[in-house]
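Breakdown of the fold
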Amino acid sequence: MDKKKVKKNVGTMNRREFVKKTAITAGSVYAASTLPSFIGSAQAADRDHILIGRPNPSTGPLAAFGEGTPWADEIAVNEINKAGGIMIKKLGKKLPIKIKTVDTQSNPTKAAEVASQLILKDKVDLMLFYHTPDTVNPISSICERFKVPAISLDSPLEPWLEGGPYKWAFHAFWSVEKDIVPVYTGIWDQIETNKKVGILMANDPDGVAWSEVFKEVGAEKGYELFDKGRFPYGLQDFSPFINDWKENNVEILLANLIPPDFITAWRQCQRLGFKPKVATVGKAILFPSVAEALGGDLAKGLSTEVWWSPHHPFKSSMSGVTAQQFCDRWTQDTGKVWTQPLGFKYAGYELAFDVLTRAASLDKEEIREAIAQTELETIVGKIKFNDQNYSRTPLVGGQWNKGEKWPWEIKITYNDPYPNIPKTGETFSM
Amino acid sequence: MSSAPILKIDQIDVFYGDFHALWDVSLTISKGDIVSIIGANGAGKSTLMYTIAGQHVPANGTIEFMGDRIDGMGPHLSVGKGIALVPEGRRVFPRLTVYDNLIIGAYTPRARANIDENIKKIHDLFPILAERGNQRSITLSGGEQQMLAIGRALMSEPELLLCDEISLGLAPVVIKSIYKQLEVISQEGLTIVLVEQDVKRSLRFADYAYVMLEGKIALQGKAVELGEDQVKKAYFGM
Amino acid sequence: MIREPFKYRWLVLGALFILLATLPVWGSDYMLLLGLLFCLYAALSQMWNLLTGYSGLLSLGQQAFIGFGGYTMAVTTSYYNINIWLSILAGGVTSVLLALFMSLFIFRMSGIFFAIGTWIFAEILMLWFSNWEYVKYGTGLFVKPPNPPSMTMIYYAALTMGVAALATVYLILRSKIGLGLMAMRDNEAVSSSMGVEIFRSKLFCFLVAAFITGTTAGVLYVFQIFIQPYKAFAIDWTVSLVFIVIIGGIGTIEGPIVGSLIFVLLSQYLSEYGHISLLLLGIIAIIIILVAPKGIMGTLQEKTGFELLSPRRLFSEEPG
């Protein structure tokens, strides 16, 4: 079918095209349904690019994860296309990659819908997507159904595995049971405590998965856990939790919740005089913006998981840029401090480049085969998918403290599982 | 032409919340009669009609229709018994066609059997309703709507027809023709209760009349025996 | 004068049906996806229209049946390996039971209180499901039927629901109950004095809508594969249905069909514009309402008398 039409649908759109498209949409929806462009698709014969589908939570509650996506997309795509793109044997020429980003609105229903659209309408060759089960789970399933190779990152392994066994979807991130638990309990063990742990976890995939695993493993390791149950997003009064911990003389806080809820809860802890010696908080305090938003000195001493940092001794397989250099470039371009998802956003393209180069084909089965055989040192560490189609990425522990360059900086204070990632500080009691 | 009572109301009281609308009202209506209920605004005429139609439940007292207790039965059941209401202000279903308005009049099981026959009868009575059959009833004139409201009520094959203020807002010539047709129906044995503002017309048309004042029956008697002055005095409570 | 109903309506409807029924043969995979979404939204919005446009029941809680039907399907097929089509039907049946239970409470309310009542029920269900270990709390469930159906089969299931919803509404409206409903919509007190059993008619429609909504939700989540309580029981569903019915024309049979077509095509186009897509959807809705206050089909009917499927009975002079 006509090449022009396909091209137009791809990549960024200029304003004229945008206005035109809106006008067409509003004006002639009926007619549009019969337009040949709807039936049409890119055909292999006259392919002039490789298309990667990028469903992304650009709006909605997960939007914070999306920060930096266009920046990382641009760097990675430029690097790949600089040398003309990827060699496709059958065509005897190199093809550049193009990406098509669509918004999932942080909604799993919408995510499945837009993923289907990318597969069926745009005929993507590969799907690349990140950030939380609400994005990763539905899209992986849709890719399975339509037999499209899929690579996802940045969502805990356990909820993703529920949807398996997978043939076409591959995933790389850490596991709650095998990574989070050793890192968190490792942090707890660094401080002298009475081993009493208070649990504060939201009623969402992470909160449910974490609390279940910790209750099992924590007890085995000799910790006493105090759990008053899952709570809904937006809870305003955490005093029942806090009073329970105070009564039981809890010295360790274990939390997983979204940033606004943690801000409410942690302020109430201060007001009610609950001062644990260790506070390990998942998800909520990944970003320096939240540490700042807590106000005062409230962020000081809070511990969390660190999946990536400039201190990780890894570098890009495409450009040789180190984690430190990558973060510096982010700061230089945006004036902002680095965040943990940045490396993963880029690593996805490293995988795509590596896989497509090895496959040297647009055949979906051959691409899938190439993903399965991946063994790549990326900017977030080594990725090698196992027979369940996943690869664990390294996880260490860190603690927030007042910084030199930025108001708040996270120091890596626990690295026992991955000693090659250097410590940049020592855990202190709060 | 008075014969056995078709409706017997015995000492009913009706309240709207705290407001005592009907006080110890008793009346008897004979089969085939045309009965007028006369009174000023707020005298309780409409309340009495709607109580008979089953829309209000009397606090005490009884209503017997053709020998059965019907008080508090609910409007959708009393129509099945044979009581049809032509509500004040016509209240045809504006978005339904004229034809559908008539069909819905025959909603109850007792009327469904003879639906085509009854429609024909009503079309004979009011030919305009046949002509405008497929029009939405909101497009009809006031008089046509009134005819439709009466036709709709007749579709339920009633024994007793309650007409609430059917001449309101209509031109005299239209009123005259509607009353003419009511007389035709009455001659076929239908009992009719009329609520009217116009005392003169009421007395001329009815066999029997009740005058209501402040929720009570102030005066009753055969229409021919009641003088207009006497009625007017009762009407104003003088 | 009112126009005679569109002469070739059965021809047009038949052609449309054949077009949709043969879509897997002639259409691309993408058209199949659009057809699937169109049929599902048409079925769901047809039911909301039956409630709000015809029965005078303003429901803001259709998501209760969407979530309940979806979860029933997911649980029966994934946990108990029950045939996928039976699971979908089971979703319809449990939705009817849910509707019966809801009716004990909300049928005492009217108007806006009824609307809020339905919404509260949906919210309660969301809380319940997100705190229920059996359905894995808020994590969500993958739908894993013993024999996963192909996209074409899911499409035909959706088409069945779309056609069934349309036929149900048409038959109800042409029946005695339907005439009663339309009278009730115009004037509840008078219709009651005509013998319309208001309560029973409304309940009947509420249950029918629950069944079709719950069943359609089953098909929807077979397509989605993944169900999660915060979105399955979200008010977003009803908001979409309101959008569809309002722009298509509330209280018309064709309205939900036209509205669904527009909604599905628009949201496909607009998803490329990221965060402004919802804004654009809203602006388009406002424009349509300003141009055609009764929705597209409602205004068309008013202006030209055009009706493809009319609930009106026609009177013709009897012979002789």
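Worth saying up front: this structure is predicted, and the values here are computed from it rather than measured.

This paragraph deals with the overall build of chain B. Within chain B, the secondary structure is distributed over 10 helices and 10 strands. Computed over its C-alpha atoms, the radius of gyration of chain B comes to 17 Å, within 12% of the 18 Å expected for a compact globule of 238 residues. The dimensions of chain B, computed from C-alpha atoms along their principal axes, are 50 × 35 × 35 Å. In chain B, buried positions account for 57% of the 238 residues. Expressed as a percentage of contacts within chain B between residues at least 6 apart in sequence, the contacts between residues at least 24 apart total 68%. By element, 51% of the accessible surface of chain B is carried by carbon and sulfur atoms, the whole surface being about 10,000 Å². Of the side-chain charges in chain B, 24 are positive and 28 negative, and the distance between the mean point of each set is 4 Å.

To continue, consider a nonpolar patch on the surface. Where nonpolar side chains cluster on the molecular surface, the patch consists of Y80(C), I82(C), L86(C), L89(C), V93(C), L97(C), L100(C), Y134(C) and F211(C) and spans about 810 Å² of accessible area. Inspection of the secondary structure puts V93(C) in helix α5 (residues 84-106).

The subject of this paragraph is the sheet that holds strand β2 (residues 19-30) of chain B. Residue and element names in this part refer to chain B. Ordered in space as β2-β1-β4-β5, the 4 strands form an open sheet in which the pairing is antiparallel. Edge positions in the open sheet fall to β2 and β5 (68-69), since each of these has one partner strand only. When strand β1 (residues 5-16) meets β2, the two strands line up antiparallel, connected through 8 bridges. Residue pairing across strands places P5 opposite S30, the latter belonging to β2. Sheet strands touched by helix α1 (residues 45-52): β1, β2 and β4 (60-65). Its angle to β1, the strand with the most contacts, is close to 115°.

A separate point is unusual backbone geometry. Residue and element names in this part refer to chain A. Even without being glycine, Q105 reaches a positive phi, approximately 55°. When you line up the elements, Q105 lands in the loop between β4 (97-103) and α7 (108-120). Judged by relative accessible area, Q105 falls into the buried class, the value being 18%. Backbone geometry at T132 places phi at a positive 65°, although glycine is not the residue there. In this fold, T132 is placed in the loop between β5 (126-130) and α8 (133-146). The class of T132 is buried, set by a relative accessible area of 11%.

The next thing to look at is helix α13 (residues 259-271) of chain A. All names here are of chain A. Taking 1.5 Å per residue, 13 residues should reach 18 Å; α13 reaches 18 Å between its end C-alpha atoms and fits that length. What α13 keeps buried is the set D261, F262, I263, A265, W266, Q268 and C269. Next to the buried residues of α13 lie β8 (196-201), α12 (239-247), β10 (252-256), β11 (278-282) and α14 (288-294). Phi for G273, located one or two positions after α13, is positive at around 75°.

We now examine the packing of aromatic side chains. Residue and element names in this part refer to chain C. Summed over all chains, the structure comprises 49 aromatic pairs over all chains. Centre to centre, the rings of Y41 and F263 are 5.0 Å apart; their planes meet at 65°, and the pair counts as edge-to-face. Within this pair, whereas Y41 is found in helix α3 (residues 29-54), its partner F263 is found in helix α13 (residues 255-270), the two being separated by 222 residues in sequence. With respect to class, Y41 is no different from F263; both count as buried. Between Y71 and F129, the ring centres sit 4.6 Å apart and the planes meet at 40°, which makes this aromatic pair tilted.

Turning next to the interface of chain B and chain C. Each partner contributes to the interface: chain B provides 28 residues, whereas chain C provides 31 residues. It is F93(B), Y107(B) and N134(B) that lose the most area in chain B upon contact with chain C, and together they represent 26% of the buried surface on that side. Taken together, the connections running from chain B to chain C amount to 1 salt bridge. The residue R95(B) makes a salt bridge to D186(C) at a minimum N-O spacing of 2.9 Å. Listing elements by their share of the side of chain B that touches chain C, those giving two or more residues are α2 (75-81), α3 (98-105) and α5 (115-125) of chain B. In terms of residue class, the side of chain B that touches chain C is made up of 12 nonpolar, 9 polar and 7 charged.

Quick look at a negative patch on the surface now. A cluster of acidic residues, E177(A), E212(A), E216(A), E220(A) and E133(C), forms a negative patch on the protein surface. The element that contributes the greatest number of residues to the negative patch is helix α11 (residues 205-220) of chain A, accounting for 3 residues. Of the residues examined, E133(C) reaches a relative accessible area of 55% and is grouped as exposed.

A word on the pattern of salt bridges. Two side chains of opposite charge can pair, provided their charged atoms sit close to one another. Tallying each qualifying case throughout the model produces 33 salt bridges over all chains. Of the charged contacts in the structure, one is a salt bridge between D354(A) and R358(A), with a shortest N-O distance of 2.8 Å. With D354(A) and R358(A) both in helix α16 (residues 341-359), this residue pair falls 4 residues apart, about one helical turn. What makes R358(A) partly exposed here is its relative accessible area of 36%. The partner of E159(B) in a salt bridge is K31(B), with the nearest N and O atoms 3.3 Å apart. Separated by 128 residues along the polypeptide, E159(B) in the loop between α7 (142-154) and β7 (160-164) and K31(B) in the loop between β2 and β3 (34-39) bring together distant segments of the chain. Judged by relative accessible area, E159(B) falls into the partly exposed class, the value being 23%. Among the charged side chains, a salt-bridge network with shared partners connects K167(A), E365(A), R368(A) and E369(A).

Attention shifts here to the domain arrangement of chain A. Residue and element names in this part refer to chain A. Domain boundaries in chain A define domain 1 (41-174 + 311-391) and domain 2 (177-306 + 396-414). Placing a centre on the C-alpha atoms of domain 1 and another on those of domain 2 gives a separation of 31 Å. Opposite the 17 residues of domain 1 that make contact, domain 2 presents 16 residues. Both sides together, the interface formed by domain 1 and domain 2 hides about 1,500 Å², and carbon and sulfur atoms give 71% of it. Contact with domain 2 buries area across many residues of domain 1, yet W174, V337 and Q340 alone supply 36% of it, more than any other trio. At the boundary of domain 1 and domain 2, one finds 0 salt bridges. Of the residues contributing to the side of domain 1 that touches domain 2, the split by class is 9 nonpolar, 6 polar and 2 charged.

Here we take up the interface of chain A and chain C. Facing the 48 residues of chain A at the interface are 46 residues of chain C. Carbon and sulfur atoms make up 64% of the area that chain A and chain C hide from each other, which totals about 4,400 Å². Between chain A and chain C we count 1 salt bridge in total. In this structure, the salt-bridge partner of E162(A) is K136(C), at a minimum N-O distance of 3.5 Å. The interface formed by chain A and chain C includes 9 residue pairs in polar contact (both at pLDDT 80 or more). Those elements giving two or more residues to the side of chain A that touches chain C turn out to be α2 (15-27), α3 (29-34), α4 (36-39), β4, α7, α8, α9 (157-161) and α11 of chain A. Broken down by class, the residue content of the side of chain A that touches chain C amounts to 20 nonpolar, 15 polar and 13 charged.

Cut-offs and rules
- Residues numbered from 1 in each chain as written.
- Chains lettered and ligands numbered in written order.
- Predicted model: local features only at pLDDT ≥ 70, side-chain atom pairs only at ≥ 80, totals over all residues.
- Heavy atoms only, no water.
- Helix = DSSP H or I, 4+ residues; strand = E, 2+ residues; numbered from the N terminus.
- Rg over C-alpha atoms; globule rule 2.2 N^0.38 Å.
- Buried < 20%, exposed > 50% of the residue type's maximum accessible area, 1.4 Å probe, protein only.
- Contact = heavy atoms within 4.5 Å.
- Areas by Shrake-Rupley, 256 points an atom, 1.4 Å probe, with all protein chains shown as cover.
- Lys, Arg positive; Asp, Glu negative; His and termini not counted.
- Charge placed at Lys NZ, Arg CZ, Asp CG, Glu CD.
- Patch = residues over 30% accessible without salt bridge, like charges linked within 9 Å, V, L, I, M, F, W, Y side chains within 5 Å.
- Salt bridge = Lys/Arg side-chain N within 4 Å of Asp/Glu carboxyl O.
- Pairing = 2+ DSSP bridges.
- Axes fitted to C-alpha atoms, helices over the stretch in contact; angles between N-to-C directions.
- Expected span 1.5 Å × (residues − 1).
- Phe/Tyr/Trp six-rings, centres within 6.5 Å; stacked < 30°, edge-to-face > 60°.
- Buried area = accessible area lost by both parts, 1.4 Å probe.
- Nonpolar A, V, L, I, M, F, W, Y, C, P; charged D, E, K, R; others polar.
- Domains from an automatic or database assignment.
- Polar contact = N/O pair within 3.5 Å; in protein donor to acceptor, adjacent residues only side chain to side chain.

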